[in-house]
Structure formats: C-alpha cells, structure tokens
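The chain contents come next:
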Amino acid sequence: MASQTLREARKYEEACEKLIKEAERPAFHLSARIGWMNDPNGFSYYNGVYHMFYQYHPYDSVWGPMHWGHAVSRDLLHWEYLPAALAPDEIYDRDGCFSGSALTLPDGRHLLMYTGVVQERQKNGGTLEIQAQCLAVGDGTDYEKYENNPVLDEKDLPEGSSRFDFRDPKMWQKEDGTYCCVVGNRPADGSGHILLYTSTNGFHWNFKKVFIANHNRFGLMWECPDFFLLDGKGVLLTSPQDMMPQGFEYHNGNGTLCLIGSYDGYTDTFCEESSQSIDYGIDFYAPQTILAPDGRRIMIGWMQNWDTCSTRVSERPLWFGQMSLPRELHVKNGRLYQWPVKELDAMRSGKAAYQNVHVHGTARFAGICGRRVDMELSIRPGSNTMYRKFSIRLAQDEEFYTSLSLRPEESILKIDRKFSGSRRAVIHQRRSLVDCKNGELKLRIILDRFSVEVFVNGGEQAMSATIYTRQEADGISFLADGDVWMDIVKYDLV
Ligand code: FRU
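These figures come from a predicted structure and were not determined experimentally.

(A) Up close: the environment of N457. Structurally, the position occupied by N457 is in the loop between β29 (451–456) and β30 (461–466). You can call N457 buried: its relative accessible area is 18%. Residues N457 and V434, 23 residues apart in the sequence, show an inter-C-alpha distance of 8.3 Å. Discounting chain neighbours no more than four positions away, the residues touching N457 are Y337, D435, L441 and K442.

What follows is the structure in structure tokens.
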C-alpha cells in the first residue's frame, strides 16, 4: 500500500502534467513529468518494456526531496509516464531516495536498489547526509520497500570510508546467476573510490573489495558508477564531481569519465588501460546503461550538468531536466563509441539529400531546416587548398543560432550555444579534439526541441547541449572560410 507521501506525489503529478502542452517538451527525449528531473535510475528491460526511473522532485523545477519518477517505452524514444515509484517516506530515506538501479529477480519481481538519505545533525549545528543502500520490490508499477532496509550501511564500508558519501548502487547479474553491485564512496584521501558488493539472492549483500580508486586523479567524489563488459573489455563509467580540466578532457566541472581496461571475472579485478570523457558537450551527467534483450549495450545520461542548471527556458518552468538520446555503445581501438539507437531510424521522414555540394561563404539548401532533425554530413576540402574554418548554424533565425565550428588545422570542433535562448552569463561553449585528417569530418546531428546532440566520425566523440531557443528558429545554414565540399542527408523526426 502506497504511503501518504507517495499518494500525494502521484496525485500531484497526474493533475499538474496537464499544464504542459505536448509542444512544450522534448518530442523524443524523456523529460520530467512535472517539476525537476536529474539522474536516470533503474534503467531496465522488464516484462517486455524498457523502464526508466529518474531522480524527481515533482513539486518544483529545482532539486528537492528526491522521489523516483517512472516511465516506460517500447522503443526508448516514446515514453509513457507511470505513477512515481518511490517517495522519501521511511525513517531510513526520509530526506531522499537517491540514485540507484534495477534488475529482474528469478521469481519475476522487479528489484530496485537506491540510496536512502537521512540528514544527521552535527555538533557544529550543521547537517550531513547519512547515505545507505535500500531495496524495493515491485511489479513494474507499484513497489514495496524491503523490511530489512537499509541493506548496506556504514558497517559494510571498508576502513576509512565515508558514510556521508556512499551512494548510487548499480547492480547487475553475472553469468553464474549471482549479483554484483558497484557503489560510489569516498575514502580517507577525500577523493572517490568505487566499492564492489556481491550477493547470491539480491537481498543479502557482502563487501567484496575496492573495485577501483580515484587517488585524486579525476575530480573528487565519483558518483553514479556503472560497470560492464563490452567488445572484450571492461568498461567503468562514473561521474566525478569537481574535475580539473586536462587538455581537451573533463571541461565540465561535474564531468563524466570512462575507464576502459581488462577484467578478470574470477577475482573481479579491473585494470584500467585508458581514460576519456564520455561526452564532450555541455550537458551530460550520471549516465546508466542496460544490456538490451538483443545484446546491445545502451546508455542514457541526464542531458544536463549541475553547473549549468541556471540555464533554463524561464525562471520557473513547469518541467526541468531531460534525458539524452539512448546511445548504443562500442569499444574500438581503446575508445568508447556512441551512436543513436537504431530505433531512431523508424522516426525518419521527409528526406532531403545533396551530394558533393560546394560551400564558399554562406550557404543554405532547400529542405535543410527544422527543429526535430536527424542530419548526416560528410565534409571535405576543395582539391588543392585547405579551408580555414567551417561552421554549421542550427536552430537559427535573425536573432538566434547554435553553432558547430571546425578549424581543421587545429583539429578542434566547437559547440557554442551563446545565442540559444539563455539569459545567463555562463560559459556556453565546449571544444573537442577530433580526427579531421585532410580536412575530412563526418557528423551526425540530432535536434529535438530543446537539445542538440552531435556524433563525430561514426561515434568517436559525442557532444550534447540543451538549448532554449524559440521553436520558430528552425533554420540551418553552412559557412566556409575557404572551399568545402559536402554530402548532406537530412530527415525530419516525427
Ligand atoms: C548525481 C547525484 C547522485 C545522487 C543524486 C541525488 O547527479 O548527485 O550522486 O544520488 O544526484 O539527486
């Protein structure tokens, strides 16, 4: 039986979502049903549909006491809201149900693990959050919190670990049927480490080892870890807080990190071999992956960044926060590749295509426009001179545009959303080093009403940014300083 707190949240969201018109939200990116959304949670395939839960504060468009919102989809693009799944209504989670994950139990029930948060008064009068891992079991709509919660708390921490930063459990089932779970935590050095827990039944969990430690290399606390095997490699995703930029990596403060390495499944030992950002744009954090029934590893992130939450459509929008496109992952040559899931192809209509067109100065092409768009471009220089700069302007009218520009000599692709509807004086651009040997580059650009996602060279880099530009600004134009030749294929996404 749902608690009073959960019943109120369910009633509120059902009544208030009606205030948001369909055209005022993203068309195929999941957004908050009402109020605030952050991290994806409990991303899973259960009873024949994809389930996505999310960090949710229905009552306002800013972060607040965390609930779990809930939606389901058959194609990962069209989402149907279900009633909120969890509310902060027990002694062990009364100040929030933080991020976590889901899996299917052998008896067919859906198991959620999340972080329960309780504010503890400190001697100096301040408060700190005690964080512990809790379970809830359900049928895909209604969930009952486990009677022995929390199942992992301070007594399950290795020596020197913080009970105030112990969150975001990501569970998975191993081939032998047993379960593993990685949780973010902070050791004595103040930076992050990821702890590994194991279980034979999903309910009793034991500390196994420190899976990997930050040692103050990549930011401080590591949030929202995920671990999986892909293309013969072990892949660890995490979102470090307070990152320092390193060259062209980690420019987002609260950033994302992908470590690729070897994994020994007998001893659960992960040895990292390479590191990179997951996304090189402005808005991407706390991604979570699933293994789809057909074997694809699919990732969805929160298409937002803690440092840029002040950038919004209006001061008090009815919803705030959206998820990224679902992206299929691969590891190639020691790097993470991302590509929009193939389900997106089914939304394509209204094709406009041009082969080998010349751009010198500004160019527009009939039919190349729109705000819900899937566009592939392949660009190259003229026969004997290298161009100096090539730009694409998206979501454009006389006042606004979002630009992508490439300087081939520097191998830098820049995304800039200064003129994308923001009234805030925050940094609006990111640069990524890309492979554009001989001035050649391939781009796939996906526009939804409030976002741009760019996939470079078949998915070698992804760059995501939210935009707040009025919907009438639907122009797309190209600018070349020098001579550029390109092929374009563009579809409307409906
Ligand atoms: C990451 C995060 C998580 C936490 C949640 C709280 O964005 O800070 O570590 O569980 O958000 O909403």
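(B) A look at the nonpolar core. Among the nonpolar cores identified, the biggest contains 39 residues, and M375, I392, L443, I445, F478 and M486 are the most heavily contacted of them. It is strand β31 (residues 475–493) that provides the largest number of residues to this core, a total of six residues. Formed by 26 residues, the second largest nonpolar core is a distinct cluster that contains C16, F43, I298 and W319.

(C) Focus on the sheet that holds strand β11 (residues 193–199). Pairing in this open sheet of four strands is antiparallel, and the strands run β9-β10-β11-β12 from one edge to the other. One side of each edge strand has no neighbouring strand; the edge strands of this open sheet are β9 (166–173) and β12 (206–213). Each neighbouring strand pair of the sheet contributes to a mean axis angle of 25°, computed without reference to strand direction. Note: strand β10 (residues 179–185) against β11, seven bridges, orientation antiparallel. What sits directly across from V183, in β11, is L195.

(D) Molecular detail of the layout of surface pockets. Approximately 820 Å³ is the volume attributed to the largest pocket. W172, Q173, K174, L291 and R297 are the residues nearest the centre of the largest pocket, which is lined by 24 residues in total. When residues of the lining of the largest pocket are traced back to their parent elements, those giving at least two are β1 (35–46), β5 (97–104), β9, β13 (222–230) and β17 (285–291). Broken down by element, the residue count for the lining of the largest pocket peaks at four residues, all from β9. Looking at side-chain class alone, the lining of the largest pocket contains 14 nonpolar, five polar and five charged residues. Here the second largest pocket is characterised by a volume of approximately 380 Å³.

(E) Just the side chain of Q322, in detail. Inspection of the secondary structure assignment puts Q322 in the loop between β19 (319–320) and β20 (327–332). The buried category is assigned to Q322, whose relative accessible area is 2%. Of the polar contacts made by the side chain of Q322, one reaches the backbone oxygen of F450; its length is 3.2 Å.

(F) Here's a closer look at unusual backbone geometry. Cis geometry marks the peptide bond from N149 to P150, where omega comes out at -10°. Structurally, the position occupied by P150 is in the loop between β8 (143–145) and β9. The phi dihedral of A395 is positive, around 45°, even though this residue is not glycine. Tracing the chain through its elements places A395 in strand β24 (residues 389–396).

(G) How the structure looks around the pattern of salt bridges. Across all of its chains, the model carries 37 salt bridges by this definition. The residue D95 makes a salt bridge to R94 at a minimum N-O spacing of 3.8 Å. Because the salt bridges share partners, they merge into one network encompassing D345, R348, D374, E376 and R444.

(H) Representation of the side chain of Q304 in the model. Counting through the fold element by element, Q304 comes out in the loop between β18 (297–302) and β19. Leaving out residues up to four positions away in the same chain, Q304 has contacts with D283, F284, Y285, C309, F320, T466 and Y468.

(I) Empty space enclosed by the protein, seen in detail. A complete count under the given rule lists three cavities of 30 Å³ or more for this structure. Counted as a void, the largest cavity has a volume near 100 Å³. Contributing to the lining of the largest cavity are 14 residues, with Y250, H251, N252, S277 and D279 lying nearest its centre. Along the lines of polarity and charge, the residues of the lining of the largest cavity split into four nonpolar, six polar and four charged.

Parameters at a glance
Residues numbered from 1 in each chain as written. Predicted model: local features only at pLDDT ≥ 70, side-chain atom pairs only at ≥ 80, totals over all residues. Heavy atoms only, no water. Helix = DSSP H or I, 4+ residues; strand = E, 2+ residues; numbered from the N terminus. Buried < 20%, exposed > 50% of the residue type's maximum accessible area, 1.4 Å probe, protein only. Contact = heavy atoms within 4.5 Å. Core = buried A, V, L, I, M, F, W, Y, C linked by side-chain atoms within 4.5 Å. Pairing = 2+ DSSP bridges. Axes fitted to C-alpha atoms, helices over the stretch in contact; angles between N-to-C directions. 1 Å grid on protein atoms, 1.4 Å probe; cavity = no way out; pocket = protein on both sides within 12 Å on 5 of 7 lines; lining within 4 Å. Points joined across faces, edges and corners; volume = space filled by probe spheres on them. Nonpolar A, V, L, I, M, F, W, Y, C, P; charged D, E, K, R; others polar. Polar contact = N/O pair within 3.5 Å; in protein donor to acceptor, adjacent residues only side chain to side chain. Salt bridge = Lys/Arg side-chain N within 4 Å of Asp/Glu carboxyl O.

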